[in-house]
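Commentary on secondary and tertiary structure
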Amino acid sequence: MMNIKEIQGGVCAAKGFTASGIHAGIRKNKSKADLALIMCDTLCTAASCYTQNLVKGAPIYVTKKNIENGVAQAIVCNSGNANTCNADGIEVAEKMCNIVADNTDVKAEDVVVASTGVIGQPLDVTPIKNAMPQLVASLKDDGSSDAANAIMTTDTVKKEVAVEFELGGKVCHMGGIAKGSGMIHPNMATMLVFITTDAKISKEMIKKALSNDIKDTFNMISVDGDTSTNDMVTLLASGQCENAEITDENDDYASFCKALNYITTALCRKIAKDGEGATKLLECKVSGAKTLPDAKIVAKSVITSSLFKAAMFGADANWGRILCAIGYSGANVDITKIAVSLSSQAGVIEVCENGSGIEFSEDEAKKILTEDEIIINIDLGDGEYDATAWGCDLTYDYVKINGDYRT
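Residues numbered from 1 in each chain as written. Predicted model: local features only at pLDDT ≥ 70, side-chain atom pairs only at ≥ 80, totals over all residues. Heavy atoms only, no water.

1. Considering the environment of T42
Just so we agree on the cut-off: Starting at the N terminus, helices and strands are each numbered in turn, a helix being any DSSP run of H or I of at least four residues and a strand any DSSP run of E of at least two. When a residue's accessible area, from a 1.4 Å probe over protein chains only, is under 20% of the maximum for its type it is buried; when over 50% it is exposed; and in between it is partly exposed. Only heavy atoms enter the contact rule, under which two residues are in contact if any of them lie within 4.5 Å. Within 3.5 Å is the distance limit for a polar contact, defined as a pair of N or O atoms, with the added protein rule that one can donate a hydrogen and the other accept it, and that residues adjacent in sequence qualify only through two side-chain atoms.
One can find T42 in strand 3 (residues 35-50). For T42, a relative accessible area of 31% gives the class partly exposed. Measuring from C-alpha to C-alpha, the distance between T42 and A237 comes to 9.7 Å, with 195 residues separating the pair along the chain. Sequence-distant contacts of T42, defined by excluding residues within four places in its chain, comprise Q73, S238 and Q240. Polar side-chain contacts of T42 include one of 3.1 Å to the side chain of Q240.

Right, dumping it as structure tokens:
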């Protein structure tokens, strides 16, 4: 079994990468960093996946065009303004790439550009242009946390992770940072995710690895049922760990995918746990489904149920809301075979068997559901497929945050 070791460093854990994050003046709050840069000292193979919302941020169109050839060398991202639904949005996103090129050796067409924040407000590039020399000068090989802070919006904690693993006897590294707290719902979440690695992998295989992975990770998160306009996951590979290039689905490809899944799953959990106003991470594990789509549909339906999420906020073992969500999910299930249990660090309690309630201690259930990470175990008893989805509880603070988000 491949050994994956969690390490420090985030997007700078991989060889060749540096990062920075500063306050450029996009946000009025001068104490909040709002501009990030991740750069490699060599050209990388690259892949991205994007929101499925028909309304897309201008940076997505520019990034799609820039990495159509499967390579990139830098990522620039601002927070505080989504650069979405603006007449000059694409022009502004292209200018951001040009500003990076003007201050580095990276070509404009090799820049991934991203924005996050308020929709429908013009983005002035002047602060970005003025701050770029400082942003470039601030690049450092331990700058991942600075970049992670700079891409945050309503996030309350920075999100980064890194691992060490082996490919063909060579020690490789992979790390990522993410932002995401609200407007999170499949497909893709309300998020930006930037992942770097020093593994050597072809353009075709890096694209396949990322697009396959998100089906079971980022497309399985929900905080509030709203799919963002600016979602993007980008993966850059410098190839500097000097492994034999991965060009087909061999053992090294499988190892690469396992490391990638470790990173993406960790970031999924961090995003869901930091949902706007959230106090608890909810992890719904479905087993015994007839098909994989059925397992995914059930897991997503439960994790997106506002009634169930509210019950989890109140530490109320109202398991009927779980069955209700399964029932309207559209999945092909036999309700009479369903078993449900709830668990946390405080223990496990069974609440439903064969689609019907069973006696349990409300006090014990309250104790279990008071923890900050809750697992909802659902056995459909009708097959061999399983899936996991991540979400959070629904609290008063979610409404407070989004009631004056723009002001």
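Following the structure, the description resumes.
2. Things to note about the state of the cysteines
The cut-off we apply is this: Cysteine sulfur atoms that pair up within 2.5 Å are treated as a disulfide.
Considering all chains together, one arrives at one disulfide under this definition. Sulfur-sulfur distance for the disulfide between C172 and C241 comes to 2.3 Å. The chirality of the disulfide connecting C172 with C241 is right-handed, given an S-S dihedral of about 45 degrees. Taken together, the residues span a long stretch of sequence, with C172 in strand 7 (residues 170-179) and C241 in the loop between strand 9 (232-237) and helix 6 (251-273) at a distance of 69 residues.

3. A few points about the packing of helix 7 (residues 292-304) against helix 9 (residues 320-327)
Cut-off, in case you're wondering: For every element, the axis is a line fit to its C-alpha atoms; helices are fit only across the contacting stretch, and the angle between N-to-C directions ranges from 0 to 180 degrees. Note that the term roughly parallel is reserved for angles under 35 degrees, roughly antiparallel for angles over 145, roughly perpendicular for angles of 65 to 115, and oblique for everything else. Here a crossing is taken to be left-handed if its near helix is turned anticlockwise relative to the far helix by less than a right angle, and right-handed if that turn runs clockwise. Polar here means any residue other than Ala, Val, Leu, Ile, Met, Phe, Trp, Tyr, Cys and Pro, which are nonpolar, and Asp, Glu, Lys and Arg, which are charged; Gly is therefore polar.
One way to put it is that helix 7 packs onto helix 9 with a least axis distance of 8 Å and a crossing angle of 130 degrees. The angle between the axes of helix 7 and helix 9 places the two elements in the oblique class. When you trace helix 7 past helix 9, the crossing you get is right-handed. Residues V298, S301 and V302 of helix 7 form the contact with helix 9, whose participating residues are I322, A325 and I326. Among the residues making up the contact of helix 7 with helix 9, the classes are represented as five nonpolar, one polar and no charged.

4. Observations concerning the sheet that holds strand 15 (residues 385-392)
As a reminder, the rule being used: When DSSP locates at least two bridges between a pair of strands, those strands are taken to pair.
In space, the six strands of this open sheet follow the order 13-12-11-14-10-15, with mixed pairing throughout. Of all the strands in the sheet, the pair left with one neighbour each is strand 13 (356-357) and strand 15. Inspection of the sheet shows strand 10 (residues 281-289) paired to strand 15 by seven bridges, in the antiparallel sense. By the bridge assignment, A289 is partnered in strand 15 with Y385. Sitting on the sheet, helix 7 is in contact with strand 10, strand 14 (373-379) and strand 15, with an inclination near 20 degrees to strand 15. Running at roughly 125 degrees to strand 10, helix 8 (residues 306-313) makes contact with strand 10, strand 14 and strand 15 of the sheet.

5. Looking at the environment of Y253
Within the secondary structure, Y253 is located in helix 6. Leave out the neighbours within four places in its chain, and Y253 touches M205, K208, A209, N212, I246 and D248. At a separation of 3.4 Å, a polar atom in the side chain of Y253 contacts the main-chain amide nitrogen of A209.

6. So, helix 7
Formally: Multiply 1.5 Å by the residue count of a helix minus one, and that product is the helix's expected span.
Taking 1.5 Å per residue as the helical rise, helix 7 with its 13 residues ought to reach 18 Å, and the 18 Å between its terminal C-alpha atoms agrees with that figure. Taken residue by residue, helix 7 has D294, A295, K296, V298, A299, S301, V302 and I303 as its buried positions. For helix 7, the elements touching its buried residues are strand 10, helix 8, helix 9, strand 14 and strand 15.

7. What to know about the side chain of T63
Among the secondary structure elements, T63 is positioned in helix 1 (residues 58-66). Of the residues examined, T63 reaches a relative accessible area of 0% and is grouped as buried. Among the polar contacts made by the side chain of T63, one reaches the main-chain carbonyl oxygen of V113 at a distance of 2.8 Å. What T63 contacts, discounting residues up to four positions off in sequence, is S48, Y50, V112, V113 and M232.

8. Notes on the packing of aromatic side chains
Quick reminder of the rule: Classification of ring pairs uses Phe, Tyr and Trp, with its six-membered ring standing for Trp, and accepts pairs whose centres are within 6.5 Å; under 30 degrees between planes counts as stacked, over 60 as edge-to-face, and the remaining range as tilted.
Taken as a whole, this structure holds one aromatic pair when the rule is applied. For the pair F313 and Y396, a centre-to-centre distance of 5.2 Å together with 90 degrees between the ring planes defines the contact as edge-to-face. In this pair, F313 sits in helix 8 while Y396 sits in helix 11 (residues 396-403), placing the two residues 83 residues apart along the sequence. Given a relative accessible area of 28%, F313 falls into the partly exposed group.

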